[in-house]
Amino acid sequence: MKNKFLVVILILLNGYSVAQSNSSYTRFGIGDPEYSASARISAIGQLGVAVIDDNTISSINPASWFKFKGTRFGIDIAYTGLIISENNSSSFYSETDFKGFNFGFPVSEDYGIGVAAGLIPYSRISYKVSDTFSGDDPYVVDYEGRGGLSTLFLGSSFLLPGDIALGATLDYYFGNLSYFTKLKFSDPSKFPAEFEKLNKATGFGTTIGILSPDISPLFGEHSVFSNFHFGAGIKLIPEMDADSLYISRSFAIEDTMIRAATKMKVPYRISAGFSFNLFSNYRLNLDYLFQPWSEYRFAGKSNNFLRDMHKISTGFEYKPGQIIGASIWEQIIWRAGLSFEKTQYLIFNKGIDQFSLFGGFSFPLGIENSIDIAIQYSTRGTTDTGLLSEKFFKLNFGISFGEIWFLRYDY
Amino acid sequence: MIKKIALIILIIFGLLFYSCADDPSSIGLNLLNQDLPKIDTINSIDGSFTQTSSFFKKVVSLGASPRLLIGKSGTLTAHTLLLMGFLLPDSIKNDFKNGNLVIEKAFVELYPNYFYPAADSLEYFDYKVHKILNGWSSSTFSADSFNTLQYNLEDLSSNKTFNYSIYTFDLPLQFARDLIDNALYPDSIKNYGVLISPAASAQKIVGFDGFTPFSGIETKLKIIITKQGSYTDTLTAITGSDISVVLGDDPVVDPGFMILQSSKIFNSRLKFDFSNFPNNVTVNKAVLTVYADSTKNVFGSQFNNSVIAYVVTDIDSDKVSTSLFSTLSLTNENNYRGEITSILRYWLLNQSNNMGFILRPGTEQNGLELFYLYSSEAADLTKRPYLEIIYSYN
């Protein structure tokens, strides 16, 4: 069965390699930020800072790993369909994205030590725009943006006295931010030209998270609340090293015309929220995330097209109890969420806001394994002042495997 | 059940992943102003590209030329050296050795295909044929070698005919017998060929087809033999070597011009200095134009009216690249124009590669075409070699 899944994953990854989305907003800064690689977290508003789910490896709050029961491996892929509109026209684009994978296992349940590692995206640039110039000497210009930052992380959680969970990761950030301008003349005697502005960034950072103990007992012995936790996390990225290249390509000639070593400063990302269970089967979460993109710097320069980003989201999960003899359908975990985001984009002095609705479910594949689906519908931007209105539909598809490895048994 | 559901999900995703999307459009272009490419044009005048030019004479062997030149025009004198011999079957050899064969006639056929200058094609033409007395090689013989050539002053030709498509002359029978003997006894009887030189009264230069394998119309030497009471046959000699040399005074050229001439041979150097060319740009097209003074040009009747600009790879020896060159074709404006985009891009990658061009006639060894091109010192700036470059950047 696992081999079959592997084949399917490879086929889907192939789809990823040939697709391209088309949001010109991603030209600014380092592109669209990624909040969660996990379909489970995506379906509850993408944050879930205080959510404790022993079947999920949260990348936003490593403190939540203290509840690992067994070894987990997860891999996620997302499909995005995007309808993008200007004043008088619109187009549809789609792409498939590899959202990363992660791996975690418990070391000590008593001390809440869980260890996890993974490779997940931090931001993504993806656009392709074509412009045709007519006249005596017609030509076509294709603009294309590709790449983004990715994070390779390794971290651990630890349970402090008072059942306060603490987690931290060492993050290695890397990626290429490529912006292409391709010029092609109708006159075949004119050589085409391709210009690439390429920023290669690398650097280390850390993610620190904290989770409160369960405070539901404060609501009384017969309260409908349980597993009430507060959580917070911060991603810190010291200045990254960046190679900035300006490359010209044209018919067998590639010329790196400018190469400069510089610094890129990606601002910290801070998040906070709470989560609780209601009547044991229902879980709600409310989260807030802030990232001061006004502090973004590249080569010491700020970007006038960026502003501070705020995101607030809420989510809901229904998890049926484990009932002996329950059918597959009765074991499905259902999720929903919504979020509002003042994105970091400030284009032509107009802030770009995004509103999103989420839904999803986890389909059990045995006791420890599941297929996780998240569906997202978002609207972003406006057609005012020459901007873009985007409506996108995103399907996150994740496979989560659980096994009991590394656990020491007492006989 | 689980497998079926998983399969359905995977199929749905598979379809989604490979679903169609619109081709890239201009939607979102407003946001990409910072990447807008700029396309500019610069020329050698506005761009202040310093240019230099000069011409030089190059003495080379014309052995590779498919055309043989004979005649006089102005101070130019064209001579042709022909080495022909016979390869005889043993039966013929034996008959010759036994005295059974008699040479009835020996004659040469020349196929004219070119007149210089074209305007003088009807002028008087005559020539003399001399027996060469020393060895020569078509791969090394040049105008500078001509003074070392030894030949008999006696004119071997007789019964000359000058028809439209074929010229002929007879050779003495003894000369023909000497050629046969050379085939019979190559170690003792030497054959160095003949020199065909213009008569003093000739007023034009005529070109003939030289030896070209399987052409059928190259210059031929034939002898008619008879075996008493048996047969009469014609033997055709095989061309071993043929070559022309062109002698004469070098033209006096005003500094405002540079010249090119085939066969003689004159080439010109032309170099632009691109140190003022903008950095960090991509050259999309570059066109070189050189202007000719049609009143000074002297052309033959049939030639490739073009100029070839070769990239110089060694400035000391004037060595050129055989792969990096551009053909400048004649335009309606009576100038020669050609693309040099690849060449300019090669130079701009490393400006030390820029040792300029050497300009040569389109067919350097076929005729005597004399091109008068305006040089980098031409008083009229608009007549100087002109370079126009379209480039882009962003």
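Residues numbered from 1 in each chain as written. Chains lettered and ligands numbered in written order. Predicted model: local features only at pLDDT ≥ 70, side-chain atom pairs only at ≥ 80, totals over all residues. Heavy atoms only, no water.

## Points about the overall build of chain A
No. 1: Looking only at helices and strands, one finds two helices and 19 strands in chain A.
No. 2: Radius of gyration (C-alpha) of chain A: 23 Å, near the 22 Å computed for a compact globule of 411 residues.
No. 3: Projecting the C-alpha coordinates of chain A onto the three principal axes gives extents of approximately 80 × 45 × 40 Å.
No. 4: Looking at chain A residue by residue over its 411 residues, the buried ones come to 55%.
No. 5: Across chain A, contacts joining residues at least 24 apart in sequence account for 66% of those joining residues at least 6 apart.
No. 6: Accessible surface for chain A amounts to roughly 17,600 Å². Of this, 60% is attributable to carbon and sulfur atoms. (Helix = DSSP H or I, 4+ residues; strand = E, 2+ residues; numbered from the N terminus. Rg over C-alpha atoms; globule rule 2.2 N^0.38 Å. Buried < 20%, exposed > 50% of the residue type's maximum accessible area, 1.4 Å probe, protein only. Contact = heavy atoms within 4.5 Å. Areas by Shrake-Rupley, 256 points an atom, 1.4 Å probe, with all protein chains shown as cover.)

## Considering the overall build of chain B
No. 1: From N to C terminus, chain B includes four helices and 23 strands.
No. 2: Scaling as 2.2 N^0.38, a compact globule of 394 residues should have a C-alpha radius of gyration of about 21 Å, whereas chain B reaches 31 Å, well beyond that.
No. 3: Expressed as lengths along the three principal axes of its C-alpha atoms, the size of chain B is roughly 105 × 80 × 35 Å.
No. 4: The proportion of buried residues among the 394 residues of chain B is 53%.
No. 5: Here the analysis covers contacts within chain B between residues at least 6 apart in sequence; of these, 81% occur between residues at least 24 apart.
No. 6: The centroid of the 30 positive side-chain charges in chain B is displaced by 4 Å from the centroid of its 38 negative side-chain charges. (Lys, Arg positive; Asp, Glu negative; His and termini not counted. Charge placed at Lys NZ, Arg CZ, Asp CG, Glu CD.)

## A closer look at the interface of chain A and chain B
No. 1: Contact with chain A, which involves 65 residues of that partner, is made by 44 residues of chain B.
No. 2: Between chain A and chain B lies a buried interface of about 4,900 Å² when both sides are counted; carbon and sulfur atoms form 67% of it.
No. 3: Across the chain A-chain B interface, the total number found is three salt bridges.
No. 4: Measuring nitrogen to oxygen at the nearest pair gives 3.5 Å for the salt bridge that ties Asp187(A) to Lys285(B).
No. 5: For the side of chain A that touches chain B, the class distribution of residues is 40 nonpolar, 17 polar and eight charged. (Buried area = accessible area lost by both parts, 1.4 Å probe. Salt bridge = Lys/Arg side-chain N within 4 Å of Asp/Glu carboxyl O. Nonpolar A, V, L, I, M, F, W, Y, C, P; charged D, E, K, R; others polar.)

## Details of the nonpolar core
No. 1: Membership of the largest hydrophobic core comes to 49 residues, with the highest contact counts inside it found for Tyr25(A), Ile30(A), Leu149(A), Met240(A), Met264(A), Val266(A) and Ile347(A).
No. 2: At the level of secondary structure, the elements contributing two or more residues to this core comprise β2 (71-85), β5 (123-133), β6 (139-160), β7 (164-185), β8 (193-211), β10 (240-250), β11 (253-265) and β16 (333-347) of chain A.
No. 3: Looking at which element gives the most residues to this core, the answer is β7(A), with five residues.
No. 4: Excluding residues that lie within four positions of it along the chain, Tyr25(A) makes contacts with Tyr345(A), Ile347(A), Ile352(A), Arg380(A), Gly381(A), Thr382(A), Leu387(A), Leu388(A), Glu390(A) and Leu31(B). (Core = buried A, V, L, I, M, F, W, Y, C linked by side-chain atoms within 4.5 Å.)

## Things to note about the sheet that holds strand β8 (residues 158-162) of chain B
Strands in a sheet are paired, the pairing made by backbone hydrogen bonds, and the direction either parallel or antiparallel.
Residue and element names in this part refer to chain B.
No. 1: With antiparallel pairing, the five strands of this open sheet are ordered in space as β8-β9-β5-β12-β13. At either end of the open sheet lies a strand with only one pairing partner, and these are β8 and β13 (231-236). Neighbouring strand axes in the sheet, compared pairwise and without regard to direction, differ in orientation by 20° on average.
No. 2: Of the pairings in the sheet, the one linking strand β5 (residues 101-110) to strand β9 (residues 167-170) comprises four bridges and is antiparallel in character. The partner of Phe107 across the bridge, within β9, is Asp170.
No. 3: Taken strand by strand, helix α3 (residues 173-184) contacts β5, β12 (220-227) and β13, and its axis lies near 100° from that of β5. (Pairing = 2+ DSSP bridges. Axes fitted to C-alpha atoms, helices over the stretch in contact; angles between N-to-C directions.)

## Digging into a nonpolar patch on the surface
Residue and element names in this part refer to chain A.
No. 1: On the surface, a nonpolar cluster with roughly 820 Å² of combined accessible area is contributed by Leu286, Tyr288, Ile312, Leu338, Phe340, Phe355, Leu357, Ile375, Tyr377 and Phe393.
No. 2: Elements represented by at least two residues in the nonpolar patch include exactly β13 (282-292), β16, β17 (350-365) and β18 (369-381).
No. 3: Summarising the element assignment, Tyr288 is placed in strand β13.
No. 4: On the basis of relative accessible area, Tyr288 is assigned to the partly exposed category, the value being 34%. (Patch = residues over 30% accessible without salt bridge, like charges linked within 9 Å, V, L, I, M, F, W, Y side chains within 5 Å.)

## As for the pairing of strand β22 (residues 370-374) of chain B
Residue and element names in this part refer to chain B.
No. 1: The element β22 is extensively covered by neighbouring structure, given that five of its five residues are classed as buried.
No. 2: Burial along β22 is two-sided: Leu370, Tyr372 and Tyr374 facing one way and Phe371 and Leu373 facing the other are all buried.
No. 3: Pairing of strand β15 (residues 257-261) with β22, which is carried by five bridges, proceeds in the antiparallel orientation. The residue bridging Phe257 from the neighbouring strand is Tyr374, located in β22.

## Some thoughts on the pattern of salt bridges
No. 1: In this structure the tally under the stated criterion is 34 salt bridges over all chains.
No. 2: A salt bridge links Arg249(A) to Glu194(A), with the nearest nitrogen and oxygen atoms 2.8 Å apart. Here Arg249(A) is found in strand β10, whereas its partner Glu194(A) is found in strand β8, with 55 residues between them in sequence.
No. 3: Note on Arg249(A): relative accessible area 22%, which makes it partly exposed.
No. 4: With a relative accessible area of 19%, Glu194(A) lands in the buried category.
No. 5: Notably, a salt bridge pairs Lys58(B) with Glu364(B), separated by 3.2 Å at the nearest N-O pair.

## Considerations on the environment of Thr322(B)
No. 1: If you trace the backbone, Thr322(B) turns up in strand β19 (residues 319-330).
No. 2: In the structure, Thr322(B) is positioned 62 residues away from Arg384(B) in sequence and 26 Å away in space, judged by C-alpha atoms.

## A few points about the confidence of the model for chain B
Should the pLDDT be low somewhere, the predicted coordinates at that spot are not to be read in detail.
No. 1: Taken residue by residue, chain B gives an average pLDDT of 90. The fraction at 70 or more is 94%.
No. 2: Interface scoring of the predicted complex returns ipTM 0.82; its pTM is 0.80. (pLDDT = per-residue confidence, 0-100.)

## Quick look at the packing of aromatic side chains
No. 1: For the coordinates displayed, the defined rule picks out 52 aromatic pairs over all chains.
No. 2: With 5.7 Å between their ring centres and 70° between their planes, Tyr336(B) and Phe371(B) make a pair best called edge-to-face. One end of the pair, Tyr336(B), is in strand β20 (residues 335-339); the other, Phe371(B), is in strand β22, with 35 residues separating them in the sequence. An identical accessibility class is assigned to Tyr336(B) and Phe371(B); each is buried.
No. 3: Three or more aromatic residues joined by ring pairs form one cluster here, namely Phe49(B), Phe272(B), Phe274(B), Phe277(B), Trp347(B), Phe357(B), Tyr391(B) and Tyr393(B).
No. 4: For Arg27(A), the ring lying beneath its charged end belongs to Tyr179(A), and the centroid distance is 3.7 Å.
No. 5: The ring of Phe107(B) has Lys105(B) lying over it, and the distance from NZ or CZ to the ring centre is 5.2 Å. (Phe/Tyr/Trp six-rings, centres within 6.5 Å; stacked < 30°, edge-to-face > 60°. Lys NZ or Arg CZ within 6 Å of the ring centre and 35° of its normal.)

## Quick word on the confidence of the model for chain A
No. 1: With 93% of its residues at a pLDDT of at least 70, chain A reaches an overall mean of 89.
No. 2: Every residue in residues 9-18 of chain A scores below 50 in pLDDT, and together they form 16 contacts with partners more than four places removed in sequence or on other chains.

## Topic: α3(B)
No. 1: Taking 1.5 Å of rise per residue, twelve residues should cover 16 Å, and α3(B) covers 16 Å from first to last C-alpha, within 8% of that figure.
No. 2: Of all the residues in α3(B), the buried ones are Phe175(B), Ala176(B), Leu179(B), Ile180(B), Asp181(B), Asn182(B), Ala183(B) and Leu184(B). (Expected span 1.5 Å × (residues − 1).)

## Some words on unusual backbone geometry
No. 1: The linkage connecting Tyr116(B) with the following residue, Pro117(B), adopts the cis geometry, with an omega of -10°.
No. 2: Within the secondary structure, Pro117(B) sits in the loop between β6 (112-116) and β7 (127-131).
No. 3: Cis geometry marks the peptide bond from Lys264(B) to Ile265(B), where omega comes out at 5°.
No. 4: Within the secondary structure, Ile265(B) sits in the loop between β15 and β16 (266-272).
No. 5: The backbone of Ser280(A) sits at a positive phi, close to 60°, despite the residue not being glycine.
No. 6: In this fold, Ser280(A) is placed in the loop between β12 (269-278) and β13.
No. 7: What makes Ser280(A) exposed here is its relative accessible area of 53%.

## Describing the packing of helix α2 (residues 90-97) of chain B against α3(B)
Residue and element names in this part refer to chain B.
No. 1: For the pair α2 and α3, interaxial distance at closest approach is 11 Å and the crossing angle is 120°. By the angle class used here, α2 and α3 are oblique. When you trace α2 past α3, the crossing you get is left-handed. Between α2, through Lys93, Phe96 and Lys97, and α3, the contact on the second element is made entirely by Arg177, Ile180, Ala183 and Leu184. (Parallel < 35°, antiparallel > 145°, perpendicular 65-115°, else oblique. Left-handed = near helix turned anticlockwise from the far one by under 90°.)

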